[in-house]
Amino acid sequence: MHEEQFKLWQHANGIWYVLHGRRLRERTSTRTRDRKTAQIFLGRFIAAQGNLTPPHATVGEILAGYRDEHIEDVKGQATMRSNVAALTEHLGTLLPEHLTAEVIKTYNKKRRVGPGTILREIGVLRAALKWAVARKWLAPHLRPEIAGPVKAPPPRDRYLSRDEAVALLAGCREPHVKLFVMLGLMTVARMSAILQAKWSQIDWERRTIDYGLGNGNKRRALVRLNDEIYEALKGAQQIACSDYIVEFRGEPVETVKNGFRAACKRAKIEGVTPHILRHTGATWMASSGVPIQEIAAMLGDTVETTQKVYAKYTPEYQRRAAAALQLGTAM
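Residues numbered from 1 in each chain as written. Predicted model: local features only at pLDDT ≥ 70, side-chain atom pairs only at ≥ 80, totals over all residues. Heavy atoms only, no water.

Draft legend 1. Representation of the nonpolar core. Ranked by size, the top nonpolar core spans 53 residues in total, and within it L168, V181, L183, Y211, L233 and I245 carry the most contacts. Sorting elements by how many residues they give to this core places helix α7 (residues 175-187) first, with eight residues. Setting aside anything within four residues of it in sequence, one finds Y211 in contact with L183, T187, A189, A193, I194, A197, Q201, R220, A221 and V223. One finds L87, L99, W131 and L138 within the second-largest nonpolar core, a separate group that totals 25 residues. (Core = buried A, V, L, I, M, F, W, Y, C linked by side-chain atoms within 4.5 Å. Buried < 20%, exposed > 50% of the residue type's maximum accessible area, 1.4 Å probe, protein only. Helix = DSSP H or I, 4+ residues; strand = E, 2+ residues; numbered from the N terminus. Contact = heavy atoms within 4.5 Å.)

Draft legend 2. Representation of unusual backbone geometry within the structure. A positive phi angle is found at R112, which is not glycine, with a value near 55 degrees. Within the secondary structure, R112 sits in the loop between α4 (101-111) and α5 (115-134). Its identity as a non-glycine residue notwithstanding, R207 has a phi of 60 degrees, on the positive side. Here R207 lies in the loop between β4 (202-203) and β5 (208-210). The class of R207 is partly exposed, set by a relative accessible area of 24%.

Draft legend 3. Just the sheet that holds strand β1 (residues 7-10), in detail. As summarised here, the arrangement of the three strands in space is β1-β2-β3, forming an open sheet in which the pairing is antiparallel. In this open sheet, the two edge strands, each paired with only one partner strand, are β1 and β3 (26-29). Ignoring which end each strand starts from, the neighbouring axes of this sheet average 35 degrees apart. Of the strand pairs in this sheet, β1 and strand β2 (residues 16-20) are connected by four bridges, and their pairing is antiparallel. Its bridge partner being in β2, L8 is matched across the sheet by V18. The strands touched by helix α1 (residues 35-47) within the sheet are β1, β2 and β3, with β2 carrying the most contacts at an inclination of about 30 degrees. Packed on one face of the sheet, helix α2 (residues 59-70) meets β2 and β3 and runs near 135 degrees to β3. (Pairing = 2+ DSSP bridges. Axes fitted to C-alpha atoms, helices over the stretch in contact; angles between N-to-C directions.)

Draft legend 4. Main features of helix α9 (residues 227-238). For α9, spanning twelve residues, the distance from its first C-alpha to its last is 17 Å, which sits close to the expected 16 Å at 1.5 Å a residue. I229, Y230, L233 and A236 are the residues of α9 that are buried. The buried residues of α9 occupy an angular sector of 130 degrees when projected down its axis, which confines them to one face. Exposed side chains of α9 directed beyond 90 degrees from the buried face belong to D227, E228 and Q238. Buried residues along α9 sit in contact with α7 and β4. The distance from a side-chain oxygen at the start of α9 to the backbone nitrogen of E228 is 3.1 Å, and the residue carrying that oxygen is N226. (Expected span 1.5 Å × (residues − 1). Arc of directions from axis to C-beta. Polar contact = N/O pair within 3.5 Å; in protein donor to acceptor, adjacent residues only side chain to side chain.)

See the structure below:
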């Protein structure tokens, strides 16, 4: 490589990156907002021909490097920060070679969270270690094989009754949390899609909201707005202070988990997360006899996936099959 193939670039978040590789398409975080420090990093990076490696990189340094390089490319930025923070708190001072099965089991015990959360965090740890090998921060033979300390939890079948949904909305003290809950129930979109949605994505004449293309297998849809959510959005737009539909004090919202949890507590509803809103809406549609194809279009999922998950809630589910098994005798 030649020096002209490296370039300093500052992201909107203030962090300086080194752009390198073919047509400068790769980027490596300098992990600093100070230009002079970033220039020193650049000089060392060039001298090392793009292989600048912190000596004996700790798990915390690897996690931070992985986070800084990928944070702008993921949809769940708050989740990534939370996962990295938890891993760094308990494992950050260790070297990769210290990540034995016993250490991971101890991590699981100290975290005291559900199996789903632990498995997501371990997934981030694995990805960060793989990234470290690709960036030559870690020799391939030193990358530990990390098994999940718990079994994957069974899929949840929890959804809200209509009475619970009414109680949940009554428990929402903050307007942005209430609007989020309404959008979750009535447009069946994922939390990330709702929180990233802008007013420009609403077609008021056609009464639709286009949540965009999504990311990977997390597809999004163009959704019809019913009268109730349409009027709620109209009211919210009149007092809006930003481009984002769900906002707090004029700023976009990264997560509503705390406000949602508090609303559930006030409504005395247990076992519910923001994702349950999407599942609830889809279940209601299926129970009301809405065709699977139409439900799939609302969800932005394939008909096959929607059929697999929601066919059992439809009024016609196995009706003919059950009728065929009758003997025709009275008991």
